[in-house]
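# Remarks on the overall topology
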Amino acid sequence: MLALLIAAAAVQPGRDPALLHKHADAVVAAKEQEQEATLRRMLQLGGSPAEQAEVVARLAGVLRARGLALGIRAQAEADQGEDAAAAKDHRAAADARAEAIARYRELLKKYPNAPRTDEALFFLADTLQDSGRDQEAVAAARELTRRFPRSQWAPASHVFIGEHLFDAAKLAAALKEYRAAAEVRDDEVYPYALYKAAWCRFNQGAFGDAMKLLKRVVEVSEKSGGTDAVNTVQLAREARRDYVLAYARVGKPDAARQDFARAFGEKPGLRMLEQYGKLLFDTGRDPEAQHIHRQLLAIHGDAPAAALDQTRLLMLAQRGGKRKDLLLEAQRLVETFRRVRSDDKDENLEEANRRGEETLRDLAVRIHNEARKTNLDETWAAARALYADYLALFPKAADAYDLRYFYGELLYSRGAKAEAAEQYETVV
């Protein structure tokens, strides 16, 4: 009845389900303790092997659930600074897990042919892992897959073993486990098993195979639904992102736009092209990054993302060190910002503002200093253009005060006293 009331309250705006029964946690705990006491009495009274096996399994399950709940509560208490309560619950959780492990082992030893032995092995492995006993956990999972290869718990157990092997960099053995898990295509771990198999192949240098597996992950995840829909959507997103990592090893920038769109569709493909461009930019593959960002600039048009594209093109020109390219990209940055700037909060625009301001500021001051040393007309002209670009785009920036003064000094030193006066007056 309580569950029905809580479910009904969940659809009523402004109502906190916890207020329906302020002592719900205490009631649940009392019922759990009552159940535990009953199971322990049943063990003392004895019965047929089948009955006793069922009682031991249920008692182990109660203890395992308690250990999990207490562990979660202890972590929450630790996060809130309640160290004494957290320590107490950590100890209680460890005690509950220890007895759960003992009960599962008792079940497996005394009643080796009991129903749901595979389930007991799975939860034994899980509880051992929660207790930090990883090798024993893997051994339990291996026993499950050996004795019950067709069990509903076998695919998850293969993944369980694979994770430990993957973390130990035993890629060939891990891949074998993930492939075994992926043999059952209707199991919920199937897309994740494919995903981890892809990462095994990636780390083995088989980037083409990795891309095929990641594409399959996306296809399977997008078709699946049910209770785990949020996780499958997230897995598909991760698989597309990792596909870009693999593509960067073997793909061609000239074909990237078409390849991503053909494999995943126009909208996801564009997002992947953006990720690809950023990856090339971040890893110093400048000619390729420039090629992709020019494509993106044309695609984004007046969208805020275009400002980030042009900012990166300016930074790439800065890396290249060619004065003519640098000034051209700086002027294009001004034009692009004027075209796309808006009051809407946009991550791309925010990053473009931050990085564009930093880049133009650094360039203007650095080239101004260079002009003072070399006294070359073209260097003075470059510094003047960069100051003008900076102040046109970022007149309210924290450093605009100093840069406007420097700009005035530059103009004064070059004999442009009327223009210098305007800058000095603004500073004043």
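See the structure shown above.
Keep in mind that this is a model prediction, so the values were computed, not measured.

Moving on: unusual backbone geometry. Non-glycine residue Arg116 carries a positive phi angle of around 60 degrees. In this structure, Ala169 is a non-glycine residue whose phi angle is positive, near 65 degrees. Inspection of the secondary structure assignment puts Ala169 in the loop between helix H7 (154-167) and helix H8 (171-181). For Ala169, a relative accessible area of 59% translates into the label exposed.

Right, let's get into the packing of aromatic side chains. This model, assessed by the stated rule, comprises 16 aromatic pairs. Measuring from ring centre to ring centre gives 5.6 Å for Phe122 and Phe123, while their planes differ by 80 degrees; the resulting arrangement is edge-to-face. For the residue pair Phe122 and Phe123, the accessibility class agrees, reading buried in each case. Between Phe123 and Trp153 the ring centres are 5.3 Å apart and the planes differ by 65 degrees, which places this aromatic pair in the edge-to-face class. With Phe123 in helix H5 (residues 117-130) and Trp153 in the loop between helix H6 (134-147) and H7, this pair connects stretches of sequence that are 30 residues apart. Like Phe123, the residue Trp153 is buried in the burial classification. By the ring-pair criterion, three or more aromatic residues cluster together here, those being Tyr243, Tyr247, Phe260, Phe264 and Tyr276.

Tallied over the entire structure, the rule returns 39 salt bridges. In this structure, Glu274 engages Arg271 in a salt bridge whose closest nitrogen and oxygen atoms are separated by 3.3 Å. With Glu274 and Arg271 both in helix H13 (residues 266-282) and three residues apart, the pair spans about one turn of that helix. Exposure remark for Glu274: the relative accessible area of 18% places this residue in the buried category. Arg271 sits in the partly exposed class, given a relative accessible area of 48%. Between Glu288 and Arg285 there is a salt bridge whose closest N-O contact spans 2.9 Å. Here Arg285 falls in the partly exposed class, since its relative accessible area comes to 26%. Within the structure, one salt-bridge network assembled from shared partners comprises Glu32, Glu36, Arg40, Arg66, Glu99, Arg103, Glu106 and Lys110.

Here we take up the layout of surface pockets. Looking at the largest pocket, its volume works out to about 490 Å³. Lining the largest pocket are 19 residues; nearest its centre among them are Arg271, Glu274, Lys278, Arg312 and Asn348. Per-element accounting of the lining of the largest pocket gives the leading share, six residues, to H13. Here the lining of the largest pocket is composed, by residue class, of five nonpolar, four polar and 10 charged.

Procedures and definitions
- In this numbering scheme, every chain counts its residues from 1 along its sequence in written order.
- Reporting in this predicted model follows two pLDDT cut-offs: at least 70 for local features of residues, and 80 or more for side-chain atom pairs to be given and counted; totals over whole chains, interfaces and linings ignore these cut-offs and use all residues.
- Remark: hydrogens and water are excluded; side-chain values derive from all non-hydrogen atoms of the structure.
- Only runs of H or I of at least four residues qualify as helices and only runs of E of at least two qualify as strands under DSSP, and these elements are numbered from the N terminus.
- For every residue, the accessible area (1.4 Å probe, protein chains only) is compared with the maximum for its type, and the residue is labelled buried under 20%, exposed over 50%, or partly exposed between those bounds.
- Pairing of aromatic side chains here covers Phe, Tyr and the six-membered ring of Trp, requires ring centres within 6.5 Å, and sorts the geometry by plane angle: under 30 degrees stacked, over 60 edge-to-face, intermediate tilted.
- For this analysis, a salt bridge means a side-chain nitrogen from Lys or Arg found within 4 Å of a carboxyl oxygen belonging to Asp or Glu.
- Only protein atoms enter the 1 Å grid used here, on which a cavity is any set of points holding a 1.4 Å probe that cannot leave and a pocket is any open set flanked by protein within 12 Å on both sides along at least five of seven lines; residues with an atom within 4 Å of a point are listed as lining.
- Grid points are joined across faces, edges and corners, and a volume is the space filled by probe spheres set on the points.
- As a working rule, the residues Ala, Val, Leu, Ile, Met, Phe, Trp, Tyr, Cys and Pro are called nonpolar, Asp, Glu, Lys and Arg charged, and the rest polar, with Gly in that last group.

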